[in-house]
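Fold and contact review
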Amino acid sequence: MISLQGITKRFSGHTVFKDIDLSLAQGEIIVIIGPSGTGKSTLLRCINFLERPDAGRLQVGDLSVDTQHASRADILALRRHTAFVFQNYGLFANKTALENISEGMIVVDKLPKTKAHARAREILERIGLADKADAYPASLSGGQQQRVGIGRAMAANADVILFDEPTSSLDPQWVEEVLSLMKQLAVERQTMIVVTHEMQFARDVADRVVFMDEGGIVEQAPPEELFTAPKDDRTRHFLRKIL
Ligand code: ADP
Ligand code: MG
């Protein structure tokens, strides 16, 4: 349902990664781990063209795009098939929780406002923030803000949700409520790619863990296998430091 073929990204001559191949089936949950600076964020951002890949093909759902020749329409379509959850939530500060969640449905999906708001209220219910519909981000805790960020991604009805270190900006007391919402989505078999350092989350939720190091993907395996019997020295070295 999602496939990256030969995805390459350079920044002014420096190759971040080259020829990345990665596929996910519908309902699959992948966790990407690796040292900082290895291109995990850049890879996620390439999937929805927040960064333009230098080579490769992206397939999401029924859409297949040669990144070299992607048109404006291809890029918009790719963004419609994917949703992004940012480390720093990425909420509109001047919009309420309800408006943050309904904005995309109104602007992108062209839903009438009343419909979008009704759907946003259902989502607020699911993310446990029904009573915060009219609250602005500044009045919400970090955990609540990130749940709104996830609610906005849910509203996009995308084929895949991309999470870039969704809990790493949070005070420790808010981490669990965000992970537990993500687990709820996982139980519902929402397809997702999650970059995180939360190894327990990876163990509990991931179908597959992908280890990235300089230049690309080093190895990937189900969590039990990757954590207990890593094949590559770089993976072993990284896990020794983090576990
Ligand atoms: P990670 O998420 O694994 O920590 P990043 O994807 O943020 O890694 O970064 C990978 C590499 O690309 C780093 O060397 C970083 O400095 C570089 N990089 C990321 N974004 C940009 C950018 N917009 N311009 C130039 N270099 C960048
Ligand atoms: Mg990053």
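On a predicted model such as this, the values are computed, not experimentally measured, just so you know.

1. Details of the overall build of the protein
Helix and strand counts for the protein stand at nine helices and 10 strands. What you see for the protein is a C-alpha radius of gyration of 18 Å, in line with the 18 Å of a compact globule of 243 residues. Overall, the C-alpha framework of the protein stretches about 50 × 45 × 30 Å when taken along its three principal axes. Counting every position in the protein, which comprises 243 residues, the buried fraction comes to 41%.

2. Remarks on the UniProt feature "domain: ABC transporter" (unreviewed entry) in the protein
Under the UniProt annotation, the feature "domain: ABC transporter" (unreviewed entry) is placed at residues 2–239. Structurally, residues 2–239 is divided into 39% helix and 26% strand, and its ends, taken at the C-alpha atoms, are 27 Å apart.

3. What about the sheet that holds strand S7 (residues 160–164)?
Taken together, six strands build an open sheet; the order of strands is S6-S7-S8-S3-S9-S10 and the sheet is mixed. Each of the sheet's edge strands pairs with one partner strand only, and the pair in question is strand S6 (82–85) and strand S10 (216–221). Taken pair by pair, the neighbouring strands of this sheet meet at an average axis angle of 20 degrees, ignoring direction.

4. A look at the sheet that holds strand S5 (residues 63–66)
Read across the open sheet, the four strands follow the order S2-S1-S4-S5; overall the sheet is antiparallel. Each end of this open sheet is capped by a strand with a single partner; those strands are strand S2 (14–24) and S5. Neighbour-to-neighbour, the strand axes of this sheet turn through a mean angle of 15 degrees, independent of strand direction. Of the strand pairs in this sheet, strand S1 (residues 2–11) and S2 are connected by seven bridges, and their pairing is antiparallel. Bridging from a neighbouring strand, Phe-11 pairs with His-14 of S2.

5. Quick word on the environment of Val-195
As for its placement among the helices and strands, Val-195 is situated in strand S8 (residues 192–195). Val-195 sits 85 residues away from Lys-110 along the chain, and the two C-alpha atoms are 31 Å apart. Residues contacting Val-195, with those up to four places away along its chain left out, are Ile-32, Lys-40, Ser-41, Leu-44, Phe-163, Asp-164 and Glu-165.

6. Looking at the site of ligand 1
As a matter of local geometry, ligand 1 sits amid Phe-11, Val-16, Gly-34, Ser-36, Gly-37, Thr-38, Gly-39, Lys-40, Ser-41 and Thr-42. The class makeup of the residues in the shell around ligand 1 is two nonpolar, seven polar and one charged.

7. Side note on the packing of helix H4 (residues 113–126) against helix H5 (residues 142–155)
Viewed as axis vectors pointing N to C, H4 and H5 meet at an angle of 130 degrees, and their least axial separation amounts to 10 Å. With respect to their mutual orientation, H4 and H5 come out oblique. Between H4 and H5 the crossing geometry is right-handed. Taking contact as the criterion, the partners of Arg-119, Ala-120, Ile-123 and Leu-124 in H4 are, on H5, Gly-151, Met-154 and Ala-155. For the contact of H4 with H5, the class distribution of residues is five nonpolar, one polar and one charged.

8. Considerations on helix H3 (residues 97–107)
For an α-helix, 3.6 residues make a turn, and residues three or four places apart therefore share a direction. Within H3, the full set of buried residues consists of Ala-97, Leu-98, Asn-100, Ile-101, Ser-102, Gly-104 and Met-105. Against H4 and H5 lie the buried residues of H3.

9. Regarding the confidence of the model for the protein
Looking at the protein, the pLDDT average stands at 96 and 100% of residues meet or exceed 70. Listed scores for the predicted complex are pTM 0.97 and ipTM 0.98.

10. Quick word on the packing of H3 against H4
For the pair H3 and H4, the least separation of the axes is 8 Å and the interaxial angle reads 130 degrees. Regarding the angle of H3 to H4, the classification is oblique. You can see that H3 and H4 cross each other, and the crossing is right-handed. Here Ala-97, Leu-98, Ile-101, Ser-102, Met-105 and Ile-106 of H3 come into contact with H4, specifically with Lys-113, Ala-116, His-117, Arg-119, Ala-120, Arg-121, Ile-123 and Leu-124. Of the residues in the contact of H3 with H4, the class split is nine nonpolar, two polar and three charged.

Rules and cut-offs
Along each chain, the written sequence defines residue order, and numbers are assigned to residues from 1. Written order determines the labels here, with chains lettered from A and ligands numbered from 1. Whole-chain, interface and lining totals are the exception, using all residues; otherwise, since this is a predicted model, local features are given only for residues with pLDDT of at least 70 and side-chain atom pairs are given and counted only at 80 or more. Only DSSP runs of H or I covering at least 4 residues are called helices, and only runs of E covering at least 2 are called strands; the numbering of each starts at the N terminus. Just to be clear, the radius of gyration here is over C-alpha atoms, and the globule rule we use is 2.2 Å times residues to the power 0.38. We call a residue exposed when 12 or fewer other C-beta atoms sit within 10 Å of its C-beta, buried when the count reaches 20 or more, and partly exposed for counts in between; the C-beta positions come from the backbone. UniProt positions are given in the numbering used here, feature names are shortened, and annotations may be inferred rather than shown by experiment. At least two bridges found by DSSP between two strands are what make those strands a pair. Each axis is a line fitted through C-alpha atoms, taken for helices only over the stretch in contact, and angles between the N-to-C directions span 0 to 180 degrees. Contact definition: two residues whose C-beta atoms, as placed from backbone geometry, lie within 7 Å. Only the C-beta atom matters for this test: placed from the backbone, it must lie within 6 Å of a molecule or strand for the residue to be near it. Three residue categories are used. Nonpolar comprises Ala, Val, Leu, Ile, Met, Phe, Trp, Tyr, Cys and Pro, charged comprises Asp, Glu, Lys and Arg, and polar comprises the others, including Gly. Comment on the angle field: the value is read as roughly parallel under 35 degrees, roughly antiparallel over 145, roughly perpendicular from 65 to 115, and oblique elsewhere. With the far helix as reference, a near helix turned anticlockwise by less than a right angle produces a left-handed crossing, and one turned clockwise produces a right-handed crossing. Confidence scores per residue from the predictor, reported as pLDDT, run from 0 to 100.

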